[in-house]
Amino acid sequence: MVFFEVCGPSEVIVVSGCGGAKPRYITGGRAFVWPLVQQSDRISLTTMTLIIESRQVYTQLGVAINVTGIAQVKVHGQNKEMLEAACQQFLGKSDTEIESIAKETLEGHQRAIMGNMTVEEIYQDRTKFSQHVFEVASSDLINMGISVVSYTITDVSDDEGYLASLGRSRTSQVVRDARIGEAEATKDADIKKSLAEEVTMRSKYFNDIEIAKAAREFELKRAAYDIDINTAQARANLAYSLQEATTKQRIKEEQMQILVVERSQQIALQEQEIMRREKELEAQIRRPAEAEKYRLEKLAVANGIEAILRAEAIAESIKLKGDAEAFAIEAKAKAEAEQMAKKADAWKEYKEAAMVDMVLDVLPKVVAEVAGPLSQTKRVVMVSSGNGEIGATKITKEVLDIVNQLPSVVHSMTGIDINQAIKLAQVNR
């Protein structure tokens, strides 16, 4: 019956047995193990963290101190010889036992190196101490198949206050040296500052002089450059103006040539249009007009004859009508003349009586005309002071007053006194 053994990448399977053959080392794989013939064991390749504490170890000058370090160690599985050595040393042991062996070895070397160094060397140069422990311990642990991955010091202390006193003394020295250095530095700084200010002032005055010289040269050169630039600019402007005028003249000449060509073409087109219009007029207007003229002339001749005959007839008719109207007017005039003669005879006979009669016939019409505007009035508003008539009586009285003034008006216009004529008529009766 065959058994399969499987392991991860952080451990090694060691298969041994089978007739004195060398052991097989399988890292992160599987192996065939024959029961009763072969044997399999495992060893871990994981990193182990060890805290190395050395308490009350006397240094080279007899001062007891405490040192604590941390080391990272592991079984070296890549080197076959170291792996065989580790299997010979630790196969069958637990990880705790392997850590204890490695820790005791590192602590022994750490204590030995502490005894060969002073407190000041250990405290001030921890890197050197760590490197020394790492190198010495690695040489022994490699023979066991264990490699030291790293080693470092985490704490250095003492129970008597030596390190504190060393620190205070060193601090005092540092403070003293710092004050001395500060005073010397201040003195040197003041001296250097004065020298620097002197150099600065000299440099400043020198720079001001150089700046003034440079400014003067700059102004002189700029003035000369401005003259050259203005001269060149004036020349360029004149050249530009001349070239512009020449170009405009050429453009105008070309435009005139274009206009001449266009006018020539327009004239040619107009002449052709005139010829076309003449032909069109000849075909559409002149010939039809001549035909229409001939037709109208013939119609005019016929209409003229007709008009003459009609005019003669109308004239004859008008003449006859005029004669009849003249005879009627003459008869009417004779009748009106006889009537007027009779009226004249009557006027001669009756004189003022006839005129009075005529005036009396007209008076009612005059009164009607005077009262006519009142008949058209829709509303009459009368304002009275309280004395005299009001209302319709007032209106009637005013109309009668106007009528009473008529005899004087007639007398002034015709010289006839109506009141006197009426009185004479009453007397004659």
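Parameters at a glance
- Residues numbered from 1 in each chain as written.
- Predicted model: local features only at pLDDT ≥ 70, side-chain atom pairs only at ≥ 80, totals over all residues.
- Heavy atoms only, no water.
- Core = buried A, V, L, I, M, F, W, Y, C linked by side-chain atoms within 4.5 Å.
- Buried < 20%, exposed > 50% of the residue type's maximum accessible area, 1.4 Å probe, protein only.
- Helix = DSSP H or I, 4+ residues; strand = E, 2+ residues; numbered from the N terminus.
- Contact = heavy atoms within 4.5 Å.
- Pairing = 2+ DSSP bridges.
- Axes fitted to C-alpha atoms, helices over the stretch in contact; angles between N-to-C directions.
- Expected span 1.5 Å × (residues − 1).
- Bend = angle between axes of the 7 residues up to and from the residue.

**Remarks on the nonpolar core**
Phase 1: Grouped together as the largest cluster of nonpolar side chains are 36 residues, with contacts concentrated most on Ile65, Val73, Leu106 and Phe129.
Phase 2: Counting residues per element, the ones that place at least two in this core are β2 (11-17), β6 (48-58), β7 (64-75), α1 (80-90), α2 (95-115), α3 (119-124), α4 (126-143) and β8 (146-157).
Phase 3: Setting aside its immediate chain neighbours within four residues, Phe129 contacts Val67, Gln110, Ile113, Met114, Met117, Ile122, Tyr151 and Ile153.
Phase 4: Of all hydrophobic cores here, the second largest spans six residues; its members include Cys7, Ile13, Val15 and Val33.

**Side note on the sheet that holds β7**
Phase 1: If you trace the three strands from one edge of the open sheet to the other, you get β6-β7-β8, paired in antiparallel fashion. Looking at strand neighbours, the two that pair on one side only are β6 and β8, the edges of this open sheet. For this sheet, the mean angle separating the axes of adjacent strands, direction not counted, is 20°.
Phase 2: Sheet topology places β6 next to β7; nine bridges connect them, and they run antiparallel. The partner of Ser54 across the bridge, within β7, is Val67.
Phase 3: Against the sheet, α4 touches β7 and β8, its axis set at about 145° to β8.

**Some words on α4**
The α-helix winds at 3.6 residues per turn, so residues separated by three or four positions along the chain end up facing the same way.
Phase 1: Compared with the 26 Å implied by 1.5 Å per residue over 18 residues, the 26 Å span of α4 between its first and last C-alpha is a close match.
Phase 2: Approximately 25° is the largest bend angle found in α4, and it occurs at Ala137.
Phase 3: Within α4, the full set of buried residues consists of Phe129, Ser130, Val133, Ala137, Ser138 and Leu141.
Phase 4: In this structure, the buried residues of α4 make contact with β7, α2, α3 and β8.
Phase 5: Note on α4: the residue one or two positions beyond its end, Gly145, has a positive phi of about 85°.

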